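Reading the structure
If you want the building blocks of each chain, they are given just below.
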Amino acid sequence: MPAPSLVAAVSIRGCLAKNRLSPQIQCSCCARHNHPRELRTPGIWNPLPYFDTVKNDNELSSIQPLENFYTQARKGTLPSVSWIAPSGEVSEHPPSFVTVGQSWVTGIINAVMQGPNWKDSAIFLAWDDWGGFYDHEVPPVVDQNGYGLRVPAMVISPYAKPHYIDHQILSFDAYLKFIEDDFLGGLRIDPKTDGRPDPRPTVREDVPILGDLAKDFDFDQKPLPPLTLPINPKTDLVRPATKN
């Protein structure tokens, strides 16, 4: 089975205008996290409350229910960066249905495409593990922690290069690198300079082998129109029979 789908919606106004913006960071949790107390309770599907930096910077209020994301997408008021993680029910992990997770992701992407922010958005869709299938490629060694097995990912944007396959070596650090380059002028979260020591052996965004997601875009091309998909497409799959 595939692993949880993770969606990041990022404004690329800075790339288009050749300037930098100050991001408002938002993590939109799954719809079942509706009560403020649930949003601030750490768990496998809601990891940000675990982070001391999130608590120390008074950013717990940035963890919001998914309904807020849909509202902001409709009104065109999405923050500069939104990170959306699933709950177990839509995670595509057993015993949940993969199709339920696919419908969930489709609804999120459709919401951005149908709203005013589509014109300058980049959506990064990824899965955080590989589903347990065999991978013959040995991960590159970049530090004592290394890279992991390959996982699928895609870029969706009016300025994404059509039919483009990125052959760079990328990791989840590439998403942070793109955001930091877009909004922070390339500044990194570095324990040697940010006053917050941590045990990381490497600032992964600066690893020489890491590719650059900006190469997936052509900011001079004619913007691509939205392509919304049916949330519940017709299928020949049959749900397992329920026991009486």
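Coordinates for the structure precede this section.
Residues numbered from 1 in each chain as written. Predicted model: local features only at pLDDT ≥ 70, side-chain atom pairs only at ≥ 80, totals over all residues. Heavy atoms only, no water.

**Details of the environment of Gly115**
The line we're drawing: Strands here mean DSSP runs of E at least two residues long; helices mean DSSP runs of H or I at least four residues long; both are numbered from the N terminus. For each residue, the accessible area found with a 1.4 Å probe, counting protein chains only, is set against the maximum for its type, and the residue is called buried under 20%, exposed over 50%, and partly exposed in between.
Topologically, Gly115 is positioned in the loop between helix 5 (98-113) and strand 5 (121-127). The exposure class of Gly115 is buried, given its relative accessible area of 12%. The sequence separation of Gly115 and Tyr70 amounts to 45 residues, and the corresponding C-alpha distance is 9.4 Å.

**Here we look at the side chain of Thr106**
Using the following cut-off: What makes two residues a contact is simply this: any of their non-hydrogen atoms within 4.5 Å.
Residue position: Thr106 is located in helix 5. Among all residues touching Thr106, those that are not within four sequence positions of it are Leu229, Pro230 and Ile231.

**Some thoughts on helix 4 (residues 66-75)**
Residues separated by three or four positions in an α-helix point in the same direction, a consequence of the helix having 3.6 residues per turn. What counts, and what does not: The directions from the helix axis to the C-beta atoms form the arc being described.
Buried residues of helix 4: Leu66, Phe69, Gln72 and Ala73, and no others. On an axial view of helix 4, the arc spanned by its buried residues comes to 120 degrees, and they lie on one face. Those residues of helix 4 that are exposed and aimed more than 90 degrees away from the buried face are Arg74 and Lys75. Looking one or two places after helix 4, you find Gly76, whose phi comes out positive at around 80 degrees.

**Remarks on the packing of aromatic side chains**
Selection rule: Pairing of aromatic side chains requires ring centres within 6.5 Å, counting the rings of Phe and Tyr and the six-membered ring of Trp. Pairs whose planes differ by under 30 degrees are stacked, by over 60 edge-to-face, and all others tilted.
One pass over the structure, following the stated rule, counts eight aromatic pairs. Centroid distance Phe124 to Phe178: 5.3 Å. Interplanar angle 70 degrees. Geometry classified as edge-to-face. Of this pair, Phe124 sits in strand 5 while Phe178 sits in helix 6 (residues 173-184), and the two are 54 residues apart along the sequence. Each member of the pair, Phe124 together with Phe178, is buried. Each ring, one from Phe124 and one from Phe217, has its centre 6.3 Å from the other, and the planes form 85 degrees; the classification is edge-to-face. Pair noted here: Phe124 is in strand 5 and Phe217 is in the segment after helix 6, with a separation of 93 residues, a long-range link. Side by side, Phe124 and Phe217 carry an identical accessibility label, which is buried. A network of ring pairs unites the aromatic residues Phe124, Tyr159, Phe172, Tyr175, Phe178, Phe217 and Phe219 as a single cluster.

All we've got here are geometric facts, nothing functional implied.
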